[in-house]
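# Structure assessment
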2 protein chains.
Amino acid sequence: MINVRLTIQYDGTNYAGWQRQKNAVSIQQIIEEAIFSITKEKVNLISSGRTDSGVHALEQVANFLTNTKIPLKSIPKAINSKLPPDIRIISADEVSLDFHSRYSAIKKRYKYIMTNFSFEMPLYRNYAYNIPYKLDIEKMKQQAKSLIGTHDFVGFMGSGSSVKDTVRTIYDIDLYKKDDFIILEVEGNGFLYNMVRIIVGTLVDIGRGKINEDLTLIIESKDRNKAGHTAPAKGLFLKKVYY
Amino acid sequence: MINVRLTIQYDGTNYAGWQRQKNAVSIQQIIEEAIFSITKEKVNLISSGRTDSGVHALEQVANFLTNTKIPLKSIPKAINSKLPPDIRIISADEVSLDFHSRYSAIKKRYKYIMTNFSFEMPLYRNYAYNIPYKLDIEKMKQQAKSLIGTHDFVGFMGSGSSVKDTVRTIYDIDLYKKDDFIILEVEGNGFLYNMVRIIVGTLVDIGRGKINEDLTLIIESKDRNKAGHTAPAKGLFLKKVYY
């Protein structure tokens, strides 16, 4: 038996998120079915973490145990032949049997794409969050720096999560303009439920002057009501998982 | 009666192209129906030119005659309220009654996006042509320069076109790499049916060494069989129409 780690890209637009669930099509289900179709094995595909409905991945990581005779280097092509075009296995490699995509991850990097038109542009509608207000980008950049470091991010956690330890460390945050886009990239040792989307929503509310409190104080307050709105899923991309 | 010129962005993925046709949904039909829904007028929306099924537009231009009482500045928002999210009116302005989106156009600029991965990436699948071969980009750039100037492009015209005068002038061509993309931009006084897509296909065939003849000689031959394949619609964007 070997433990195979897959690197996966997907367009999350048409899925109910990563995790298997009843009455909705998930990315996990689609890939597990593709693996079954080529190996006849019912595998449990363990990802680095769930992504919500509409969230995309540039490089999601997931692993599974298998006894397949298919050579490792043929696995991506074999699985891809059974996948719809909005999901692709980029690569496969063998890892030790104790490798676990979620528990072994040491940090993750997310990318969030915004646009700033007076209405949502057709070509970006599924991949960016349009903010139709004047934004003070410099203020957003400056405030974003407060996120770096180890903090209790309980005020930036979406409801419905039962996580107890809400302390996380953010190593890097970068907010920049590029062509038609305003991009936020954030890297940390882990993220709470909806944390990146609430960070983005808070920075947007700061940028448009709806929130005037310093982000440092908002974090310290540990109060979800002091933070901003939850930015939509479609602008969010899991960029990289580090092991 | 006034003549209203619209600037329109659309994602062509889900449409049978610009032009109205039976048994398929066109962008023209959708917008004409939206205009009818707000003005109760059956207008004839004249575009700068058809785009094929799957082709996108950053800024298509189309005009229509109307007696509507809706103020000009409210027209984009009013029409957009009746359009699906993959089509948007960016702006509307009044033009002279003799303005005709196609006949009045003096030049057009197209953008074509390619990727060069070993397989098609989910996030680019509807907006770029993936070429899974090694490409000599420098050679493509150098050969592309031969297109500039006034030539008989009959060898770069798709079958099914009845156009008689096949002489066109290309003013500018630019081929460059940007992030994950190889981009071709081309500007000319007009383009034959499938001409941009055949230019791209020919440059790709040159770049991968499938065609070794100089592009100058291919143009001079006026022979469709000497030019390369027709690149797919999904990588093509109408970028701008000049008046």
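Residues numbered from 1 in each chain as written. Chains lettered and ligands numbered in written order. Predicted model: local features only at pLDDT ≥ 70, side-chain atom pairs only at ≥ 80, totals over all residues. Heavy atoms only, no water.

## Here's the deal with the packing of aromatic side chains
- Inspection of every chain in the model, using the stated rule, returns 15 aromatic pairs over all chains.
- An aromatic cluster is built from Phe117(A), Tyr124(A) and Phe181(A), whose rings are joined through pairwise contacts.
- Its end group placed over the ring of Phe99(B), Arg5(B) keeps NZ or CZ at 5.0 Å from the ring centre.
- The residue whose ring lies beneath Lys240(B) is Tyr242(B), and the NZ or CZ to ring-centre distance is 6.0 Å. (Phe/Tyr/Trp six-rings, centres within 6.5 Å; stacked < 30°, edge-to-face > 60°. Lys NZ or Arg CZ within 6 Å of the ring centre and 35° of its normal.)

## Comments concerning helix H3 (residues 137-144) of chain B
Residues and elements named next belong to chain B.
- Burial in H3 covers these residues: Ile137, Met140, Gln143 and Ala144. Each buried residue of H3 sits inside an arc of 130 degrees when the element is viewed along its axis, so together they form one side.
- On the buried face of H3, the contacting elements are strand S8 (167-178), strand S9 (181-188), helix H4 (195-207) and helix H5 (215-221). (Buried < 20%, exposed > 50% of the residue type's maximum accessible area, 1.4 Å probe, protein only. Helix = DSSP H or I, 4+ residues; strand = E, 2+ residues; numbered from the N terminus. Arc of directions from axis to C-beta. Contact = heavy atoms within 4.5 Å.)

## Here we look at the domain arrangement of chain A
Residues and elements named next belong to chain A.
- Here the domain parsing of chain A yields domain 1 (2-95) and domain 2 (107-242).
- Each of domain 1 and domain 2 was reduced to a C-alpha centroid, and the two centroids are 27 Å apart.
- The partner domain 2 presents 15 residues to the 14 residues of domain 1 that form the contact.
- Around 1,200 Å² of area is buried between domain 1 and domain 2 when both sides are counted, 54% of it from carbon and sulfur atoms.
- A salt bridge links Glu59 to Lys240, with the shortest nitrogen-to-oxygen separation between them at 3.3 Å. (Domains from an automatic or database assignment. Buried area = accessible area lost by both parts, 1.4 Å probe. Salt bridge = Lys/Arg side-chain N within 4 Å of Asp/Glu carboxyl O.)

## Points about a nonpolar patch on the surface
- A contiguous nonpolar patch, built from Met1(A), Leu65(A) and Leu97(A) and spanning about 320 Å² of accessible area, is present on the exposed surface.
- Relative to the helices and strands, Leu97(A) is located in the loop between strand S4 (87-95) and strand S5 (107-115). (Patch = residues over 30% accessible without salt bridge, like charges linked within 9 Å, V, L, I, M, F, W, Y side chains within 5 Å. Areas by Shrake-Rupley, 256 points an atom, 1.4 Å probe, with all protein chains shown as cover.)

## Some words on the UniProt feature "active site" (unreviewed entry) in chain A
Residue and element names in this part refer to chain A.
- Feature annotation in UniProt places "active site" (unreviewed entry) on Asp52, given in this structure's numbering.
- By the secondary structure assignment, Asp52 is in the loop between strand S2 (46-47) and strand S3 (56-66).
- The exposure class of Asp52 is partly exposed, given its relative accessible area of 23%.
- In this structure, Asp52 is in contact with Gly17, Tyr193, Asn194 and Arg197, ignoring residues within four places of it in sequence. (UniProt positions renumbered as here; feature names shortened; annotations may be inferred.)

## A few points about the UniProt feature "domain: Pseudouridine synthase I TruA alpha/beta" (unreviewed entry) in chain A
Residues and elements named next belong to chain A.
- Sequence positions flagged by UniProt for "domain: Pseudouridine synthase I TruA alpha/beta" (unreviewed entry) are, in local numbering, residues 8-104 and 144-243.
- The annotated region residues 8-104 carries 20% helix and 26% strand content, and the separation between its end C-alpha atoms amounts to 17 Å.
- When the span residues 144-243 is considered, its composition is 21% helix and 31% strand, and the gap between its end C-alpha atoms is 26 Å.

## Concerning the pattern of salt bridges
- The full count for this structure, using the stated rule, is 30 salt bridges over all chains.
- Between Lys107(A) and Glu187(A) there is a salt bridge, with its nearest N and O atoms 2.6 Å apart. Placement of the pair is Lys107(A) in strand S5 and Glu187(A) in strand S9 (residues 181-188), with a sequence separation of 80 residues.
- Classification of Glu187(A) by relative accessible area gives buried; the value is 7%.
- Between Glu187(B) and Arg109(B) there is a salt bridge whose closest N-O contact spans 2.7 Å. With Glu187(B) in strand S9 and Arg109(B) in strand S5 (residues 107-115), this pair connects stretches of sequence that are 78 residues apart. One exposure class covers both Glu187(B) and Arg109(B), and it is buried.

## So, the packing of helix H3 (residues 137-144) of chain A against helix H4 (residues 195-207) of chain A
Residues and elements named next belong to chain A.
- Packing of H3 against H4 leaves a shortest axis separation of 8 Å and a crossing angle of 135 degrees. On the basis of the axis angle, H3 is oblique to H4. With respect to the hand of their crossing, H3 and H4 are arranged in right-handed fashion. Between H3, through Lys139, Met140, Gln143 and Ala144, and H4, the contact on the second element is made entirely by Leu203, Val204, Ile206 and Gly207.
- Taken together, the residues that form the contact of H3 with H4 break down as five nonpolar, two polar and one charged. (Axes fitted to C-alpha atoms, helices over the stretch in contact; angles between N-to-C directions. Parallel < 35°, antiparallel > 145°, perpendicular 65-115°, else oblique. Left-handed = near helix turned anticlockwise from the far one by under 90°. Nonpolar A, V, L, I, M, F, W, Y, C, P; charged D, E, K, R; others polar.)

## A word on the interface of chain B and chain A
- Taken together, the 24 residues of chain B in the interface contact 24 residues of chain A.
- Surface buried jointly by chain B and chain A totals about 1,900 Å² across both partners, of which 62% is contributed by carbon and sulfur atoms.
- Sorting the residues of chain B by area buried against chain A places Pro122(B), Leu123(B) and Arg125(B) first, and these three jointly supply 33% of that buried surface.
- Taken together, the connections running from chain B to chain A amount to four salt bridges.
- Summed over the shared surface of chain B and chain A, the result is six residue pairs in polar contact (both at pLDDT 80 or more).
- Elements supplying a minimum of two residues to the side of chain B that touches chain A: strand S1 (2-10), strand S3 (56-66) and strand S4 (87-95) of chain B.
- Looking at the side of chain B that touches chain A residue by residue, the classes come out as 13 nonpolar, four polar and seven charged. (Polar contact = N/O pair within 3.5 Å; in protein donor to acceptor, adjacent residues only side chain to side chain.)

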